[in-house]
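One letter stands for each residue in the lines below.
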Amino acid sequence: MTQTHAEQTQAQVSAEMTALTEAYDASATVETQTRLDYPPYRSSLLRHPTKDLHHADPEGIELWSPVFGERDIDPLEADLTLQHDGEPIGERMKVTGRVLDGDGRPVRHQLVEIWQANAGGRYVHKRDQHPAAIDPHFTGVGRCLTDADGTYSFTTIKPGPYPWRNHRNAWRPAHIHFSLFGSEFTQRMVTQMYFPGDPLFALDPIFQAIVDRSARERLVAAYDHDVTEHEWATGYRWDIVLTGTHRTPLEEDES
Amino acid sequence: MTLVPTPGQTVGPFFAFALVHDGGAELVPHGHPGAIRFTGRVLDGAGDPVPDALVEIWQAAPDGSVVRAPGSLHRDGFTFTGWGRAPTDRSGRYTFTTLTPGATTPGAAPYVAVTVFARGLLDRLLTRAYVPGDDAALGADPLLASVEEARRATLVATADEHGFVFDIRLQGDGETVFLDHRRD
Ligand SMILES: [Fe+2]
C-alpha cells in the first residue's frame, strides 16, 4: 500500500530537503528567490508552473501601482493588540522596518498588510483545525501605510508555531505573513517573516524552498533592543526589498 | 545601489480573514453603466479547481487612463480605483465586476494585469489577460509576439455574454504563460 503524504515522516521529508540543498550547494549557482517547484512542500506538486517564466518588459499599467490612502486604513489597524475589549494573551511585540525597492529607495505611502496565528499557534480562520485556544482578544490582522521614509510599524503578539498536514508531525516555524505593494505592479509580493533561531527552520519545507542560506536569512527578523519598549513590548526589525523598478525618474516625478 | 529582493513565500491556506474584504471584487457596483464580469477558474496540474487561490487585478480605466485614486479597501461606490482582489470558490472560480480596460497608449492592446496567489504556490505569479476582439492590436502586441504561438491564447480572455472569461492553469496542458519582469 502506498503511503499518503500525511503518513510520511519528518525524516523522509528532511532527507528530500537535504538532497535538494546539497545539489544546490554543489551547483555553484546562486538563487536569490523561492523555488516554485519544491516537492517536499506537497501542496506545491500540482500548483507550480513547469514552463519557465516568460521574460517581459513591463508596459502600461504594469509600470504603476494601485494607490491606497487614509480612506483605506484606520491608524488603529497597525496595533493588533487593540482590536478587542481586552488584552490578548502572549508576548506583546513590535515589528518595524523599511520597504525598499531594488535600488534602495523607500517605497512611500504604500499598503502593508499582515496576518498571523495567535500566541498558541491558532488562526481565527474558520478552517484552522489546530486544537489550540482561540483568543477572543486577538484577530491577527493588521494594516498600515508606509511613511515618507518607507517605514512600517506594527504592534502585535508573537505568534506561536503550529502543526500542519504536509507530513506526520509537521510544524511551521512561527511567522507573520506580509503582503506588500511597490510603486509598480510588478513589485507585488507576499511573504512570511520569521523569528531568529527558530529550531523548526531546518524542518520546514516552505522556508527551505529558498535553497540558498543567505536568501533564507532575508526572511528572518532581527531582535532589536532599540525597538523594544520599556515595560511594554519586545522589538523586532525587518526590512523588505522589492524588485527593481522600470520607470524613469521623469515619470516618477509626475506621480 | 542594487539590493537583492526579499524572497516571496506562499500566501498559505489562512489568508481570507485578512485579505478578503467586502467589495474587494466589485471595482464598480453591479448595474453600473458599462459594468462587465471578469471571471475564470484557477486550475491545477490535474485540471482540478484550486479553491484556495487569491486573484488580484490591476487595470486602466476604459479611456486608457491610469487610475490614481485610493479607496480599493473601502469603496465609496462611485470611484473606479482600477484594482481588485477576489478569492476563488469551491469550483476554483474568481469573479470581478469591473469596466473594460482601455489602451494606455493609442493602438496598444488593452489588458488586465493579473496576480495569482494560492496555498501550495510558493511565490506569486504574474500574467496578463488581454481584452479579446481587436485582432489588429493583439497581432501587433510585442509581448504576445514574443510568446510561442501555441501558448499565446493562454494570455487572451474570451468574451461571454457578461464580459470576459480568463482561466488560469498553473500547470500542465494549456499552462498559462506567467511573466518575469526582473531587470536583466
Ligand atoms: Fe501561516
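Residues numbered from 1 in each chain as written. Chains lettered and ligands numbered in written order. Predicted model: local features only at pLDDT ≥ 70, side-chain atom pairs only at ≥ 80, totals over all residues. Heavy atoms only, no water.

Chain B has the name Protocatechuate 3,4-dioxygenase alpha subunit in an unreviewed UniProt entry, where Nocardioides alpinus is given as its organism. On record in UniProt, under Sequence similarities (unreviewed entry), the comment for chain B is "Belongs to the intradiol ring-cleavage dioxygenase family." (UniProt positions renumbered as here; feature names shortened; annotations may be inferred.)

As annotated in an unreviewed UniProt entry, chain A carries the name Protocatechuate 3,4-dioxygenase beta subunit and is attributed to Nocardioides alpinus. Entered under Sequence similarities (unreviewed entry) in the UniProt record, the comment concerning chain A runs "Belongs to the intradiol ring-cleavage dioxygenase family."

A. Representation of the sheet that holds strand 4 (residues 141-145) of chain A within the structure. All names here are of chain A. Pairing in this open sheet of 4 strands is antiparallel, and the strands run 4-3-8-9 from one edge to the other. A strand with exactly one partner marks an edge of an open sheet, and here the two such strands are strand 4 and strand 9 (189-194). The sheet shows a mean angle of 20 degrees between the axes of neighbouring strands, direction not considered. With 6 bridges joining them, strand 8 (residues 175-180) and strand 9 adopt antiparallel strand pairing. (Pairing = 2+ DSSP bridges. Helix = DSSP H or I, 4+ residues; strand = E, 2+ residues; numbered from the N terminus. Axes fitted to C-alpha atoms, helices over the stretch in contact; angles between N-to-C directions.)

B. Geometry of the coordination of the iron ion. All names here are of chain A. Around the iron ion, the donor atoms from the protein are Tyr-123 (OH), Tyr-162 (OH), His-175 (NE2) and His-177 (NE2), and they sit 1.9 to 2.2 Å away. Considering all 4 donor atoms around the iron ion, angles at the metal cover 90 to 157 degrees and the coordination shape is irregular. Donor residues for the iron ion sit on one chain with the sequence pattern Y-x38-Y-x12-H-x1-H. Of this pair, Tyr-123 sits in the loop between strand 3 (111-116) and strand 4 while His-175 sits in strand 8, placing them 52 residues apart in sequence. The burial state of Tyr-123 is the same as that of His-175; both residues are buried. (Donors = N, O, S within 2.8 Å, 3.2 Å for Na, K, Ca; no water. Tetrahedral: all angles 85-135°; square planar, octahedral: opposite > 155°, others 65-115°. Buried < 20%, exposed > 50% of the residue type's maximum accessible area, 1.4 Å probe, protein only.)

C. Highlighting the layout of surface pockets. As a volume, the largest pocket reaches approximately 670 Å³. Gln-33, Thr-34, Leu-36 and Leu-53 of chain A together with Arg-182 of chain B are, among the 30 residues lining the largest pocket, the residues nearest its centre. For the lining of the largest pocket, a count of residues per class yields 10 nonpolar, 10 polar and 10 charged. As a volume, the second largest pocket reaches approximately 550 Å³. If you go around the second largest pocket, you meet 23 residues; those closest to its centre are Pro-163, Trp-164 and Arg-165 of chain A together with Pro-13 and Phe-14 of chain B. Here the lining of the second largest pocket gets 3 residues from one element, more than from any other, and that element is strand 6 (residues 162-164) of chain A. (1 Å grid on protein atoms, 1.4 Å probe; cavity = no way out; pocket = protein on both sides within 12 Å on 5 of 7 lines; lining within 4 Å. Points joined across faces, edges and corners; volume = space filled by probe spheres on them. Nonpolar A, V, L, I, M, F, W, Y, C, P; charged D, E, K, R; others polar.)

D. Main features of the nonpolar core. The biggest cluster of nonpolar side chains holds 42 residues, and the ones touching the most others in it are Val-112, Tyr-152, Phe-154, Phe-178 and Ile-240 of chain A. Residue assignment for this core shows that the elements contributing at least two residues are helix 1 (10-27), strand 2 (92-100), strand 3, strand 5 (151-157), strand 8, strand 9 and helix 2 (205-208) of chain A. If we skip the residues at most four places from it in the chain, Val-112 of chain A touches Val-99, Gly-142, Arg-143, Cys-144, Thr-146, Tyr-152, Phe-154, Phe-178, Ser-179 and Leu-180 of chain A. Ranked by size, the runner-up nonpolar core spans 33 residues in total, among them Ala-25, Ala-69, Val-116 and Ala-118 of chain B. (Core = buried A, V, L, I, M, F, W, Y, C linked by side-chain atoms within 4.5 Å. Contact = heavy atoms within 4.5 Å.)

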